[in-house]
Amino acid sequence: MKKYCKKDFAVQAHVLKGERAGEWWRFTVNLISVYKQGERRLRRGDTLLWVRAKDLACRCPKIKPGRKYLLLGSDDEEERAPGPGGLVADRSSLLVPWKDLWGRRLRKFQQRDKRGKC
C-alpha cells in the first residue's frame, strides 16, 4: 500500500514489442487495467513505454515482450518521454510480473485512495 500511494500511476500492462530508439528503448504495451493515474489521463489500449537504455542494461527494470506486468511509476517533469506521449519507467519505477490475484487487491487500494486513505 505504501508503494501504491507514493506513485502517480498504477497499471496492468501487456508488453507487445520493444525496439531501441537512440538512448531510449520504446516498448509498445497494451494497458489492460488502469488502477491509478497521475496528471495525464491514461486509457486502456495500446500506448508506448519509454525506458532509458542505461536503465535497461542494468536490468532495472527487467522487461520481456509477451509478458504482463504491474507498473507503478511517477510523472516526473524532468523525466519526459523523447517521443509523443507514453509512459516513462526508470529506476524508481516498480515493474513486476503480473499475478492474477493482485487484481482484487489493487481495486481495494484504489477504493482506499479515493477515500483519502493514502
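Caption draft 1: Structural view of the overall build of the chain. Within the chain, the secondary structure is distributed over three helices and six strands. Each helix and strand of the chain, ordered N terminal to C terminal, gives the series α-β-β-β-α-β-β-β-α. By the compact-globule yardstick of 13 Å for 118 residues, the chain fits well, its C-alpha radius of gyration being 14 Å. Principal-axis analysis of the C-alpha atoms places the extent of the chain at approximately 40 × 30 × 25 Å. The buried share of the chain, reckoned over its 118 residues, is 40%. For the chain, the proportion of contacts with a sequence separation of at least 24, taken over those separated by at least 6, is 67%. As presented, the chain carries roughly 7,300 Å² of accessible surface, and 46% of it is formed by carbon and sulfur atoms. Distance from the positive charge centre (30 side chains) to the negative charge centre (14 side chains) of the chain: 10 Å.

Caption draft 2: Structural detail: a positive patch on the surface. Together, Arg104, Arg105, Lys108, Arg112, Arg115 and Lys117 make up a positively charged patch on the protein surface. In this structure, Arg105 sits in helix H3 (residues 102–114).

Caption draft 3: Broad picture of the environment of Phe27. Within the element layout of this structure, Phe27 appears in strand S2 (residues 24–36). The exposure class of Phe27 is buried, given its relative accessible area of 3%. Residue contacts for Phe27: discarding those within four places in its chain leaves Val15, Lys17, Gly18, Thr47, Leu48, Leu49, Val51, Leu56 and Ile63.

Caption draft 4: Region of interest: the state of the cysteines. Inspection of every chain in the model, using the stated rule, returns one disulfide. One disulfide bridge connects Cys5 with Cys118, the sulfur atoms lying 2.1 Å from each other. Between Cys5 and Cys118, the S-S torsion sits near -65 degrees, and that sign places the bridge as left-handed. Of this pair, Cys5 sits in helix H1 (residues 2–6) while Cys118 sits in the segment after H3, and the two are 113 residues apart along the sequence. Residue Cys5 is classed as partly exposed on the basis of its relative accessible area, which comes to 25%.

Caption draft 5: Local environment of the pattern of salt bridges. Under the criterion given, the structure shown has three salt bridges. Notably, a salt bridge pairs Arg52 with Glu23, separated by 2.7 Å at the nearest N-O pair. Linking Arg52 in strand S3 (residues 45–52) with Glu23 in the loop between strand S1 (9–21) and S2, this pair joins segments that are 29 residues apart in sequence. In this structure, the salt-bridge partner of Asp55 is Arg91, at a minimum N-O distance of 2.9 Å. Pair noted here: Asp55 is in helix H2 (residues 53–57) and Arg91 is in the loop between strand S5 (87–89) and strand S6 (94–97), with a separation of 36 residues, a long-range link. Assessed through its relative accessible area of 55%, Arg91 is described here as exposed.

Parameters and conventions
- Residues numbered from 1 in each chain as written.
- Predicted model: local features only at pLDDT ≥ 70, side-chain atom pairs only at ≥ 80, totals over all residues.
- Heavy atoms only, no water.
- Helix = DSSP H or I, 4+ residues; strand = E, 2+ residues; numbered from the N terminus.
- Rg over C-alpha atoms; globule rule 2.2 N^0.38 Å.
- Buried < 20%, exposed > 50% of the residue type's maximum accessible area, 1.4 Å probe, protein only.
- Contact = heavy atoms within 4.5 Å.
- Areas by Shrake-Rupley, 256 points an atom, 1.4 Å probe, with all protein chains shown as cover.
- Lys, Arg positive; Asp, Glu negative; His and termini not counted.
- Charge placed at Lys NZ, Arg CZ, Asp CG, Glu CD.
- Patch = residues over 30% accessible without salt bridge, like charges linked within 9 Å, V, L, I, M, F, W, Y side chains within 5 Å.
- Salt bridge = Lys/Arg side-chain N within 4 Å of Asp/Glu carboxyl O.
- Disulfide = S-S within 2.5 Å.

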